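For reference, the chains in residue letters:
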Amino acid sequence: MSEKRIGIVGGGAWGTALAIQAVRAGADARMLLRDGDLAARMNETRENDLYLPGIALPAGLSASLNAPDVLAADFVLLVTPAQFLRDSLRALAPHWQPGIPAVICAKGIEKKTGALMETVVREELGDVLVAVLSGPTFAQEVANGLPAALTLACRDRELGKKLVEQIGTSSFRPYYSSDVTGVEVAGAIKNVLAIASGVVAGMQLGDNARAALVTRGLAEMSRLAIAMGGRAETLMGLAGLGDLMLTCTGTLSRNYTFGVALGQGQSAADILSSRRSVTEGVHTAASVTAVAKKYGVEMPICNAVNQVANYQTPLRETIDALLNRPFRDEQEARL
């Protein structure tokens with residue numbers, strides 16, 4: 001058994017992939033699940049048959065329902081979907097040990113409050129050490145050991161560098177950043193833009209349209225991130241442009257495939273009801289629209305996704321409204 005222990009809260013595809021990576025990095029990985037049957041099957045069959053089928057779980061990875069045992073770790077990865085993170089942390093708070101860092105691996109903005117995940121963690125766990133892990137990564141590829149690079153953001157540089165060393169390997173390369181806010185905003189909004197990109201593909205509007213949408217979407221992302229205190233250069237990095245490129249083009253993206261289905265004429269309700277995993281961009285579309293209004297930031301693409309995904313506004317009507325917006329100077333439109 002390794003002397004290094006990493007706790008993982010969440011038993012979905014990304015949580016499982018990160019647990020596999022933790023073992024690869026030389027740690028004993030313990031996953032906290034709510035589903036006792038799934039935990040038992042994972043420990044017995046060495047596979048997460050619900051969320052990451054076909055991927056063998058290594059020795060050194062175990063699934064548990066015992067929060068104190070999982071939280072007795074060098075640090076804990078929080079992989080609960082963003083809209084459920086607060087309730088999860090509230091249950092974990094009595095068992096959280098002082099000095100144990102919380103590494104946020106969920107991407108989103110809380111719908112009820114408009115809060116970023118760092119704020120949610122601090123409100124529920126108090127004065128805890130916080131980092132954020134985000135970037136262009138599909139769970140299946142990480143689990144299979146394919147090369148990936150991402151951002152680990154932490155306000156405490158010494159802690160951030162230590163976490164990079166503890167989770168990183170030659171095939172899983174975290175790059176340190178101090179811009180927690182920029183990384184969080186980028187990770188949340190890219191899911192919304194991925195839905196829009198999928199709609200373009202589903203409606204067969206062409207590659208020109210998708211390239212324009214992703215570029216203008218990056219401008220929206222940048223405007224809000226800067227307004228909230230993030231740095232422009234973060235949006236050009238792995239957590240920003242890198243993750244945006246992946247999720248706006250990759251068929252493994254739940255948000256992109258949701259958009260494709262919308263563009264092909266399926267209803268949002270029907271698409272979501274057929275899925276086991278959370279399509280985070282649907283919730284974040286509503287959250288980011290409200291937050292953008294609060295900060296006085298114009299985000300027409302994100303607003304359009306919110307209208308289509310959450311209010312069933314007809315697609316053609318929404319796209320026509322976007323295409324008939326006034327012409328603008330490109331440099332001014334970036335800010």
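Reading the values: the criteria
Residues numbered from 1 in each chain as written. Predicted model: local features only at pLDDT ≥ 70, side-chain atom pairs only at ≥ 80, totals over all residues. Heavy atoms only, no water. Buried < 20%, exposed > 50% of the residue type's maximum accessible area, 1.4 Å probe, protein only. Helix = DSSP H or I, 4+ residues; strand = E, 2+ residues; numbered from the N terminus. Domains from an automatic or database assignment. Contact = heavy atoms within 4.5 Å. Buried area = accessible area lost by both parts, 1.4 Å probe. Salt bridge = Lys/Arg side-chain N within 4 Å of Asp/Glu carboxyl O. Polar contact = N/O pair within 3.5 Å; in protein donor to acceptor, adjacent residues only side chain to side chain. Nonpolar A, V, L, I, M, F, W, Y, C, P; charged D, E, K, R; others polar. UniProt positions renumbered as here; feature names shortened; annotations may be inferred. Lys, Arg positive; Asp, Glu negative; His and termini not counted.

Enquirer: So, helix 12 (residues 254-263): which residues are in play, and what are the values?
Expert: Taking burial as the measure, the 10 residues of helix 12 include 8 buried ones, the bulk of the element. Among the residues making up helix 12, those that are buried are Asn255, Tyr256, Phe258, Gly259, Val260, Ala261, Leu262 and Gly263.

Enquirer: Tell me what's going on with the domain arrangement of the protein, and back it up with residues and numbers.
Expert: Frequently, the measure chosen for interface size is the accessible area that the parts lose on association. Taken as a whole, the protein is organised into domain 1 (5-178) and domain 2 (181-324). For domain 1 and domain 2, the distance between their C-alpha centroids amounts to 25 Å. Counting residues at the interface gives 31 residues for domain 1 and 28 residues for domain 2. Across the domain 1 to domain 2 interface the summed buried area is about 2,400 Å²; carbon plus sulfur atoms make up 66%. Looking only at domain 1, the three residues that lose the most surface to domain 2 are Ile109, Leu116 and Phe138, adding up to 26% of its buried area. Here domain 1 is connected to domain 2 by 1 salt bridge. Between Asp243 and Lys107 there is a salt bridge whose closest N-O contact spans 2.7 Å. Where domain 1 meets domain 2, there are 9 residue pairs in polar contact (both at pLDDT 80 or more). Residue composition of the side of domain 1 that touches domain 2, grouped by class: 15 nonpolar, 10 polar and 6 charged.

Enquirer: Can you lay out the UniProt feature "binding site: NAD(+)" (unreviewed entry) in the protein for me, pointing to particular residues and giving the numbers?
Expert: According to UniProt, the positions carrying the feature "binding site: NAD(+)" (unreviewed entry) are Gly10, Gly11, Gly12, Ala13, Trp14, Gly15, Phe84, Ala139 and Arg254. Note on placement: Gly10 falls in the loop between strand 1 (5-9) and helix 1 (13-24). We classify Gly10 as buried; its relative accessible area is 14%. Beyond its immediate sequence surroundings of up to four residues, Gly10 is in contact with Gly15, Met31 and Leu32. Checked against the element boundaries, Gly11 lands in the loop between strand 1 and helix 1. Excluding anything up to four places from it in sequence, Gly11 contacts Thr16, Met31, Leu32, Leu33, Leu38, Asn48 and Tyr51.

Enquirer: Provide a residue-level description of the side chain of Glu220, including the pertinent values.
Expert: Tracing the sequence through the fold places Glu220 in helix 9 (residues 207-227). For Glu220, which is buried and forms no salt bridge, the nearest opposite charge comes from Arg223, at a distance of 4.6 Å. Ignoring anything within four residues of it in the chain, the contact list for Glu220 reads Glu298, Met299, Pro300, Ile301 and Cys302.

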